Amino acid sequence: MKPVIVVHGGAGSIFKEREEGSRSGVRKAALKGYSILKRGGNALDAVEEAVAVMEDDPHFNAGWGSVLNEKGEVEMDAIIMDGKNLASGAVSAVKCIANPIKVARLVMEKTDHMLLTDQGAFAFARAMGFPEVPGEKLITERSLNRWKQNLEADWNPQEFQKDLGTVGAVAIDCAGNVACATSTGGLTNKLIGRVGDTACIGSGGYADNNVGATSTTGHGESIMKVVLARLVLYHMEQGKSPEAAADIALDYMKTRVGGLGGIIVISCSGDWAARFSTKQMAWATVKDDLLQCGVYPGERDEQSAGEALSTMGSYA
Ligand code: GLY
């Protein structure tokens, strides 16, 4: 099986000044994941590392750069899933950790549970050796300004469409295993303790070697109502291509509950799609050593992965 990775940096309206950073961030993440797959690494490692690259990148709403809750704190959700055995691990409303996706992976591998939340997730992360990161270190000027603006204005739920950047990755490895990973700071000015779709299996992501893997982004409450990630795979089970399945699922979410979002998906035969109903979604993929990426509907820039890697040496 030829390895493939697809990543997204969130569906929404990406402000002009953040566009280039988002574009280069998803390209770096895709190249990081692909370099693991190309060396014979597994899909789970590829999606985890790709998402960690975007958690460390302040252009995205995940890890460093996460949006703030009503109290001005970063509270993050993340999920990872292994398509081989349907194992999954997640954290929700976790604070003071740089890479929630890595904690989610250990929830999957080191506990009998699938989701740890808030203080429990933090205590588990500390017990696993993750350093405590002072909350303010995860806060960027952009997220602070956005929080302040929203405090002064009446909070508008449609604001979720602006400048969002939940991150995610799906991959298939040489052995034909698929995996997904998704990580987010959630909605800006959200209530303390709000948990969105990202941490919920079947909503923020799903992976099954029999069908494929998907990671979602967008308005979490809408995504949860239609269980978006599993819905995409259901349509693929009914014979739809990844692209058609993603479009049907996004259309259903829009007409049924008025929600907008985005999806990356990969099938168990290595076909992939990146689709969104928002104005933009930063995405990138590498397949057959070809790096492709886009932000606007219909956009698809291409470059050889080798050429791109030579200018991003640290990801080779
Ligand atoms: N999809 C991210 C969130 O609503 O939390």
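See the structure shown above.
Below: a short report on this structure. Note that the coordinates shown come from a computational prediction; the quantities given were computed from them, not determined experimentally. Sequence order as written defines residue numbering, which begins from 1 separately in each chain. Per-residue local features are limited, in this predicted model, to residues with pLDDT of at least 70; the limit for side-chain atom pairs, both in listing and counting, is 80 or more; totals at the level of whole chains, interfaces and linings are taken over all residues. Note that water and hydrogens are dropped before the side-chain values are worked out from all heavy atoms of the structure.

1. Some details on the site of the ligand
1) Next: Every residue near the ligand is listed here: Thr166, Thr184, Gly186, Leu187, Arg194, Gly196, Asp197, Thr198, Gly218 and Gly220.
2) Next: A distance of 2.7 Å is found between a nitrogen atom of the ligand and a side-chain nitrogen or oxygen belonging to aspartate 197.
3) Next: Pairs of N or O atoms are called polar contacts if they sit within 3.5 Å, as long as, within protein, a hydrogen donor faces a hydrogen acceptor (for residues adjacent in sequence, only side-chain-to-side-chain pairs). Glycine 218 is positioned with one of its backbone polar atoms (N or O) 2.7 Å from a nitrogen atom of the ligand.
4) Next: Across the complex, the protein chains shield 100% of the 200 Å² of accessible surface that the ligand would expose by itself.
5) Next: Each residue is assigned to one of three groups, with Ala, Val, Leu, Ile, Met, Phe, Trp, Tyr, Cys and Pro labelled nonpolar, Asp, Glu, Lys and Arg labelled charged, and all others, Gly among them, labelled polar. The residue makeup of the shell around the ligand, split by class, is 1 nonpolar, 7 polar and 2 charged. Here, proximity means that at least one heavy atom of the residue falls within 4 Å of the molecule or strand. The method behind every accessible area is Shrake-Rupley, applied with a 1.4 Å probe, and residues are considered shielded solely by the protein chains displayed.

2. With respect to the packing of aromatic side chains
1) Next: To pair, rings of Phe, Tyr and Trp, with the six-membered ring standing in for Trp, must have centres within 6.5 Å; the planes then decide the type, stacked if under 30 degrees apart, edge-to-face if over 60, and tilted in the middle. One pass over the full model with this rule turns up 1 aromatic pair.
2) Next: Ring centres 5.5 Å apart and planes at 45° place the aromatic pair tryptophan 272 and tryptophan 283 in the tilted group. In this pair, tryptophan 272 sits in strand β10 (residues 272–276) while tryptophan 283 sits in strand β11 (residues 280–287), placing the two residues 11 residues apart along the sequence. The same class applies to tryptophan 272 and to tryptophan 283, which are both buried. Helix numbering and strand numbering both begin at the N terminus, where a helix is a DSSP run of H or I of at least 4 residues and a strand a DSSP run of E of at least 2. Note on classification: 1.4 Å probe, protein chains only; a residue is buried when its accessible area is under 20% of the maximum for its type, exposed when over 50%, partly exposed between these limits.

3. Section: the environment of valine 51
1) Next: Position of valine 51 relative to the elements: it lies in helix α2 (residues 43–55).
2) Next: The class of valine 51 is buried, set by a relative accessible area of 0%.
3) Next: Sequence-wise, valine 51 and glycine 202 are 151 residues apart; in three dimensions their C-alpha atoms are separated by 18 Å.
4) Next: Two residues qualify as a contact provided that any one of their heavy atoms is within 4.5 Å of a heavy atom in the partner residue. If sequence neighbours within four positions are ignored, valine 51 has contacts with Ile101, Val167, Gly168, Ala169, Ala181 and Ser183.

4. Thoughts on the sheet that holds strand β5 (residues 167–172)
Paired through their backbone hydrogen bonds, the strands of a sheet run either parallel or antiparallel.
1) Next: Here we have 9 strands laid out as an open sheet, ordered β4-β3-β2-β6-β5-β1-β11-β12-β13, and mixed in their pairing. Every interior strand has two partners, whereas the edge strands, β4 (115–117) and β13 (301–304), have only one. On average, each strand axis in the sheet is tilted by 10° relative to the strand beside it, whichever way the strands run.
2) Next: Inter-axis angles, ranging from 0 to 180 degrees, are taken between N-to-C directions of lines fitted to C-alpha atoms, where helices are fitted over the stretch in contact. On the sheet, helix α3 (residues 100–110) packs against β2 (76–82), β3 (87–94), β4 and β6 (178–184) and is oriented at approximately 135° with respect to β3. At least two bridges found by DSSP between two strands are what make those strands a pair.

5. Describing the pairing of strand β12 (residues 290–294)
1) Next: Of all 5 residues in β12, 4 are buried; the element is thus mostly enclosed.
2) Next: Both β11 and β12 contribute to a ladder of 5 bridges, which runs antiparallel. Bridge pairing links lysine 287 to leucine 290 in β12.
3) Next: Two successive antiparallel strands, β11 and β12, enclose a turn made up of 2 residues, where aspartate 288 displays a positive phi of approximately 50°.
4) Next: Two elements, β12 and β13, share 4 bridges in a ladder whose sense is antiparallel. Its bridge partner being in β13, cysteine 293 is matched across the sheet by aspartate 301.
5) Next: Between the antiparallel neighbours β12 and β13 lie 6 residues, among them glycine 298 with a positive phi of about 80°.

6. Remarks on the packing of α3 against helix α4 (residues 118–127)
1) Next: Two elements in contact, α3 and α4, have axes separated by 10 Å at closest approach and are oriented at 80°. The orientation of α3 with respect to α4, classified from their angle, is roughly perpendicular. For the pair formed by α3 and α4, the contact residues are Val103, Leu106, Val107 and Lys110 on the first element and Ala121, Phe124 and Ala125 on the second.
2) Next: Class assignment of the residues belonging to the contact of α3 with α4 gives a composition of 6 nonpolar, no polar and 1 charged. Any angle that is under 35 degrees is reported as roughly parallel, and any over 145 degrees as roughly antiparallel; angles of 65 to 115 degrees are reported as roughly perpendicular and all others as oblique.

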